[in-house]
Amino acid sequence: SQQIHAIQFAWNTVSNVYGGRCIQENVNANSSSDGATGSYNMHIHDNLIHDCQLDGIVMTTVNPSAGTVELYNNIIYNAGIGPNNAEGSGAWNCMNIQGWGSSGESGIVDVYNNTMYACGTFSSPPYNGSSGGVLWEDGNTSTKGLRLRNNIIQLTTGPASGYPYLNVYSPGTGSCSSNCAAVTGSNNLFFGSGGIPTDAQITGSLNVNPLFVNAGGADFHLSSGSPAINGGAVTPNATDFDGVVLPPGTSFPIGAYAGTGTSGTSGVSISVTPANISLNGGGTQQFTAT
């Protein structure tokens, strides 16, 4: 029950996990008697996460006020596909961010420029309300929150009414649908499961097809006409999932990719030895190019 900090979990592929979540952060600090404080200075980015039995990423027991806690440039798809685990518990989302922890923890978990697709597709979960795009739960504190910026959340299947892009639970109020104090953000794209979330503190949302190059083939680059290419807000993000410097043009993209992944040119430098070749009277000369 000790906190973890100064963690960078990046550039990994985590896939085909059939025992729970693909990635989970938790230090079992659920009360002040644990003697632990939440994790901080945590950076989870540029990971490819897919085909998870439960959530793609679960974050609990963090303390952003002690140091940045951020998740960005992650591509998550086919998370929350089931089947049910042996305990008959869990949740089925791309991301499950929670406010559990010891007393004294506070601050905002920053989630930006992630691409999330086809999460929460488990057709028969043991209970409702825990399947969809992103889940926020206040847990045992009202001092922590979640900020969503520049994320693409596209859902593909679910019950007739559709699973929600954003599930929010607060103590004593249940699901929050209009003014969730703990959840803020802007410039996200929601598609595939009805209209945008009605949280008044999430602004500048788009409810249009992001026009992925080939979502069925897990290519989540943006087609040239995608509304996500220039629809983002300014974030601390320096590069996209491909390493493209941001912003690539006049504004930041929404999602983990800045564009198609095929545009632009690449320069090649060639040195030749010997540098100068003189062929008096013709003939041939052997040289090495590097």
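A brief look at the structure comes next. (Residues numbered from 1 in each chain as written. Predicted model: local features only at pLDDT ≥ 70, side-chain atom pairs only at ≥ 80, totals over all residues. Heavy atoms only, no water.)

1. Considering the packing of aromatic side chains
Then comes step 1: Following the criterion strictly, the structure yields nine aromatic pairs and no others.
Then comes step 2: A centroid spacing of 5.1 Å and a plane angle of 0° characterise the contact between Y72 and Y112, whose relative ring orientation is stacked. Taken as a pair, Y72 in strand β7 (residues 69-72) and Y112 in strand β10 (residues 107-112) lie far apart in primary sequence, 40 residues in all. Y112 matches Y72 in its accessibility class, with the two residues each being buried.
Then comes step 3: Considering the side-chain rings of F212 and F220, the 5.2 Å spacing of their centres and the 85° angle between planes classify their relative orientation as edge-to-face. The same class applies to F212 as to F220, namely buried.
Then comes step 4: Aromatic ring contacts, followed pair by pair, group Y77, Y117, F212 and F220 into a single cluster. (Phe/Tyr/Trp six-rings, centres within 6.5 Å; stacked < 30°, edge-to-face > 60°. Helix = DSSP H or I, 4+ residues; strand = E, 2+ residues; numbered from the N terminus. Buried < 20%, exposed > 50% of the residue type's maximum accessible area, 1.4 Å probe, protein only.)

2. Considering the nonpolar core
Then comes step 1: Ranked by internal contacts, the top residues of the largest apolar core, which has 35 residues, are I57, M95 and V183.
Then comes step 2: Looking at this core, the element that brings in the most residues is strand β9 (residues 92-98), giving three residues.
Then comes step 3: In this structure, Y117, F212, F220 and Y257 belong to the second largest nonpolar core, which totals 15 residues. (Core = buried A, V, L, I, M, F, W, Y, C linked by side-chain atoms within 4.5 Å.)

3. A word on the sheet that holds strand β14 (residues 152-154)
Then comes step 1: Within the open sheet, the six strands sit side by side as β2-β5-β8-β11-β14-β18. Their pairing is parallel. Where the open sheet ends on each side, the last strands, each with one partner, are β2 (13-17) and β18 (189-191). Pairs of neighbouring strands in the sheet enclose a mean axial angle of 5°, with direction left out of account.
Then comes step 2: Bridge analysis of strand β5 (residues 48-52) against strand β8 (residues 75-79) gives four bridges, and the strand direction is parallel. Paired with L48 across the two strands is I75, which belongs to β8. (Pairing = 2+ DSSP bridges. Axes fitted to C-alpha atoms, helices over the stretch in contact; angles between N-to-C directions.)

4. Some details on the state of the cysteines
Then comes step 1: All chains considered together, the criterion is met by two disulfides.
Then comes step 2: The disulfide partner of C22 is C52, and the S-S distance across this bridge is 2.0 Å. Taking the sign of the S-S torsion, about -105° here, the bridge from C22 to C52 comes out left-handed. Within this pair, whereas C22 is found in the loop between β2 and β3 (23-25), its partner C52 is found in strand β5, the two being separated by 30 residues in sequence. As far as burial versus exposure is concerned, C22 and C52 are alike and both buried.
Then comes step 3: The disulfide bridge from C94 ends at C119, spanning 2.0 Å between sulfur atoms. The sign of the S-S torsion, about 100°, decides the handedness of the disulfide formed by C94 and C119: right-handed. Of this pair, C94 sits in strand β9 while C119 sits in the loop between β11 (115-117) and β12 (131-137), and the two are 25 residues apart along the sequence. (Disulfide = S-S within 2.5 Å.)

5. A word on the sheet that holds β7
Then comes step 1: Read from one edge to the other, the open sheet built from seven strands follows the order β1-β4-β7-β10-β13-β17-β19, with strand pairing classed as parallel. If you trace the sheet from one side to the other, it starts and ends with β1 (5-10) and β19 (202-203), each paired once.
Then comes step 2: By the bridge criterion, three bridges tie β7 to β10 in an arrangement that is parallel. Residue L71 lies in a different strand from β10, and its bridge partner there is V111.

6. Looking at the side chain of N151
Then comes step 1: Relative to the helices and strands, N151 is located in the loop between β13 (144-149) and β14.
Then comes step 2: Classification of N151 as buried rests on a relative accessible area of 0%.
Then comes step 3: For N151, the side chain forms a polar contact with the main-chain oxygen of V111, separated by 3.0 Å.
Then comes step 4: In this structure, N151 is in contact with V111, Y112, N113, N114, M116, N187, N188, L189 and I254, ignoring residues within four places of it in sequence. (Polar contact = N/O pair within 3.5 Å; in protein donor to acceptor, adjacent residues only side chain to side chain. Contact = heavy atoms within 4.5 Å.)

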